[in-house]
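Structural features, examined
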Amino acid sequence: MLRLAAAGESLLVPIEAVHEILEVGALTVIPRSPALLRGVMNLRGAVVPVIDLAARFGMAPTQIERRSAIVVVGLEGDAERERLTAGMLVDSVFEVLEVRADQLEPVPTLGVRIPAGLVLGMVNLPGGYSAVLNLEQILHPEQLCELIGAAQAD
């Protein structure tokens, strides 16, 4: 798992989904797009959307600072959807950790600021609990299209 931080939360992303970690560079802003879509970037000739993870959680957009990064992830496609590659804007990236399946604990019903369904579970690490992100839901194309469409309708 890759441990990172967004919106003041310690988060984990399955390392097999991570393609690369980039410094925050020039992003092309999409007119009338909501805060969760920070823009698009050119990644070796491909247009890749960049999602602000904090804004996706319904919190204030990320303030880009020295340690901010874009974590490029890929989700496998299936019969209904194509393969998806997207960047996630985060506050910082820390380390790669070995996490066993038996370390995954259920998400508590209280005290978690991240919306239900966007977290697969919690892992108790030496510095405290970290949430394991559900990338399939965070980057679900239909949900993102609905959120972007709703913001553009306003």
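Here's a quick rundown of the structure. (Residues numbered from 1 in each chain as written. Predicted model: local features only at pLDDT ≥ 70, side-chain atom pairs only at ≥ 80, totals over all residues. Heavy atoms only, no water.)

Take the overall build of the protein chain next. Secondary structure summary: the protein chain contains three helices and eleven strands in total. Reading the secondary structure of the protein chain in the N-to-C direction produces β-β-β-β-β-α-β-β-β-β-β-β-α-α. Here the C-alpha atoms of the protein chain give a radius of gyration of 15 Å, agreeing with the 15 Å that 2.2 N^0.38 yields for 154 residues. For the protein chain, the spread of C-alpha atoms along the principal axes amounts to about 40 × 35 × 30 Å. By the burial criterion, 43% of the 154 residues in the protein chain qualify as buried. Considering only contacts within the protein chain whose residues lie at least 6 apart along the sequence, 56% involve residues at least 24 apart. Surface exposure of the protein chain reaches about 8600 Å², of which carbon and sulfur atoms provide 54%. Side-chain charges in the protein chain split into 11 positive and 19 negative, and the spacing between the mean points of these groups amounts to 6 Å. (Helix = DSSP H or I, 4+ residues; strand = E, 2+ residues; numbered from the N terminus. Rg over C-alpha atoms; globule rule 2.2 N^0.38 Å. Buried < 20%, exposed > 50% of the residue type's maximum accessible area, 1.4 Å probe, protein only. Contact = heavy atoms within 4.5 Å. Areas by Shrake-Rupley, 256 points an atom, 1.4 Å probe, with all protein chains shown as cover. Lys, Arg positive; Asp, Glu negative; His and termini not counted. Charge placed at Lys NZ, Arg CZ, Asp CG, Glu CD.)

Tracing the chain through its elements places proline 141 in helix 3 (residues 141-153). Of the residues examined, proline 141 reaches a relative accessible area of 27% and is grouped as partly exposed. For the pair proline 141 and threonine 62, spaced 79 residues apart in the sequence, the C-alpha separation amounts to 21 Å.

It is possible for side chains bearing opposite charge to pair when their charged atoms get close. Across all of its chains, the model carries five salt bridges by this definition. A salt bridge links glutamate 9 to arginine 113, with the nearest nitrogen and oxygen atoms 2.7 Å apart. Note that glutamate 9 is positioned in strand 2 (residues 9-13) and arginine 113 in the loop between strand 9 (104-105) and strand 10 (119-125), a separation of 104 residues in sequence. On the basis of relative accessibility, which here comes to 23%, the residue glutamate 9 falls in the partly exposed class. (Salt bridge = Lys/Arg side-chain N within 4 Å of Asp/Glu carboxyl O.)

Looking now at the pairing of strand 2. Pairing analysis gives five bridges linking strand 1 (residues 2-6) to strand 2, with the strands arranged antiparallel. Within strand 2, the residue paired with leucine 4 across the bridge is leucine 11. Remark: two residues form the turn of the hairpin made by strand 1 and strand 2, two consecutive strands paired antiparallel; alanine 7 in that turn has positive phi of roughly 55 degrees. Where strand 2 meets strand 11 (residues 128-133), two bridges bridge the pair, whose relative direction is parallel. Bridged to leucine 12 within strand 11 is valine 132. (Pairing = 2+ DSSP bridges.)

This next bit is on the sheet that holds strand 9. Strand order in the open sheet formed by six strands is 8-1-2-11-10-9, with mixed pairing between adjacent strands. Edge strands, defined here as strands with exactly one partner in the open sheet, are strand 8 (92-96) and strand 9.

One non-glycine residue, arginine 32, adopts positive backbone phi at about 60 degrees. When you line up the elements, arginine 32 lands in the loop between strand 3 (18-23) and strand 4 (37-43). The backbone phi angle of arginine 44 is positive, close to 50 degrees, even though this residue is not glycine. Relative to the helices and strands, arginine 44 resides in the loop between strand 4 and strand 5 (46-52).

Most often, soluble globular proteins have nonpolar side chains that are buried together. Formed by 31 residues in total, the largest nonpolar core has its most connected members in Leu11 and Leu53. With four residues, the top contributor of residues to this core is strand 6 (residues 69-75). The contacts of leucine 53, once residues within four sequence positions are left out, are Leu4, Ala6, Leu11, Met88, Leu89, Val90, Leu133 and Ile138. (Core = buried A, V, L, I, M, F, W, Y, C linked by side-chain atoms within 4.5 Å.)

Here we take up the sheet that holds strand 5. One open sheet holds the five strands; their spatial order is 3-6-7-5-4, and the pairing between them is mixed. Looking at the sheet topology across the chains shown, the edges are occupied by strand 3 and strand 4. Averaged over all pairs of adjacent strands, the angle between their axes in this sheet comes to 30 degrees, without regard to strand direction. Here three bridges tie strand 5 to strand 7 (residues 84-90), and the two strands are oriented parallel to one another. Within the sheet, the bridge partner assigned to aspartate 52 lies in strand 7 and is leucine 89. (Axes fitted to C-alpha atoms, helices over the stretch in contact; angles between N-to-C directions.)

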